[in-house]
Amino acid sequence: MRCRLLLLTLLGAAVLAGCETAFDPFEESDASFSLFGFVDADADTQFVRVAALRQSAYEDAPVEAVVTLEDLTRGETATLRDSVVRFSTGAVVHNFWTTTPVEPGTAYRLTATGPDGRTATASLETPPQFPNPQLESGITLYSSPDNPPTGQGMSFTGIEKMADLRITYDLVEPDINITISYLDRLHRTPGGTLILGFNAYEDVQRVLSGSAGEACPSLSSARVFIAAATEAWPDLVDLDPETLALPGTASNVEGGLGYVGGVITRSGIWEGMRGVFALHHAGCQG
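Now for a look at the structure at hand. (Residues numbered from 1 in each chain as written. Predicted model: local features only at pLDDT ≥ 70, side-chain atom pairs only at ≥ 80, totals over all residues. Heavy atoms only, no water.)

A closer look at the overall build of the protein
Item 1. A tally of helices and strands in the protein yields four helices and 17 strands.
Item 2. Scored against the burial criterion, the 286 residues of the protein give a buried share of 45%.
Item 3. Taking contacts inside the protein between residues at least 6 apart in sequence as the whole, the part at least 24 apart equals 68%.
Item 4. In the form shown here, the protein has an accessible surface area of approximately 14200 Å², with 51% of it arising from carbon and sulfur atoms. (Helix = DSSP H or I, 4+ residues; strand = E, 2+ residues; numbered from the N terminus. Buried < 20%, exposed > 50% of the residue type's maximum accessible area, 1.4 Å probe, protein only. Contact = heavy atoms within 4.5 Å. Areas by Shrake-Rupley, 256 points an atom, 1.4 Å probe, with all protein chains shown as cover.)

Focus: the pairing of strand β11 (residues 161-173)
Item 1. Judged by how many residues are buried, β11 sits mostly within the fold: 11 of 13 residues are covered.
Item 2. With 11 bridges connecting them, β11 and strand β15 (residues 218-229) associate as antiparallel partners. Looking at the pairing, L165 lines up with I226 of β15. (Pairing = 2+ DSSP bridges.)

Overview of the nonpolar core
Item 1. Counting residues in hydrophobic clusters, the biggest one holds 52 residues, and the most contacted among them are L165, Y169, F198, M273 and F277.
Item 2. Grouped together as the second largest cluster of nonpolar side chains are eight residues, F38, F225, A227 and Y259 included. (Core = buried A, V, L, I, M, F, W, Y, C linked by side-chain atoms within 4.5 Å.)

Re helix α2 (residues 200-209)
Item 1. For α2, the full list of buried residues reads A200, Y201, D203, V204 and Q205.
Item 2. On the buried face of α2, the contacting elements are β10 (152-156), β11, β12 (177-181), β14 (194-198) and α4 (272-285).
Item 3. Its side-chain oxygen at 3.3 Å from the backbone nitrogen of Y201, N199 defines the N-terminal cap of α2.
Item 4. G210 occupies a position one or two residues after α2 and carries a positive phi of about 95°. (Polar contact = N/O pair within 3.5 Å; in protein donor to acceptor, adjacent residues only side chain to side chain.)

A look at the sheet that holds strand β4 (residues 76-79)
Item 1. Pairing is antiparallel in the open sheet, where five strands are placed in the order β4-β3-β7-β8-β16. The open sheet has two free edges, formed respectively by β4 and β16 (253-254), since each of these has just one partner strand.
Item 2. Relative to β4, strand β3 (residues 66-71) runs antiparallel, the two sharing four bridges. Across the sheet, residue E70 finds its bridge partner in β4, namely T77.

As far as function goes, none of this settles anything; it's purely spatial.
Written as structure tokens, this is what we have:
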């Protein structure tokens, strides 16, 4: 759930910035709802945030809408149920949800229909399934505290576009969790493979102290989270704040605002990273 919230935060930044114009009482607009979130073919429950554009963010009244998710391949339609989430700031959001299975490589249409018949619709497609990523720790027979691995690598095949790529480092010294996004460091080979080269220990050192070599962190576990998407996924990472604030940026909603995409997410422990940090930590302490 934590990883899902991280991805929703990225989407929400674009959508909430674009929603400011919709609340201007002096501007005429046919937009009825704001929709944002993602449909995950790897999740057992789908959540999509729906808001009536003329409703205050601090109202907990139900959103007067029927929200449906239609499988355009099979012709099946599921109706989503409303749930209310209250934040400590007093803001209220409505997450519409369903446990209807979502399939990879499938086209869907999300529709919110108000009592007046006006609709907001987002068309999306989930990506096809893909092989598990290849993880390279860089440890060899010659690795030691005096000769720790200088780099790690990840490679992904069968992914059209990466929507999110993060590693959460659960540290022992100091006793904190650090999450680092590697999305902007990915490169695609001529053969279509997405690859990433990085130095995990130095990355964590920079977060802790501002530069490599100024801290000696030790690791409990490293958790990898990836979200694969189709080519339709917006390049949110490359957008500057001014562009992000423009109405309609990264929107695929007709009759409304926001963005709803299709993804497949995967997460797991990178066991080899413990050895990487153990070697670095031993050398750093020595």
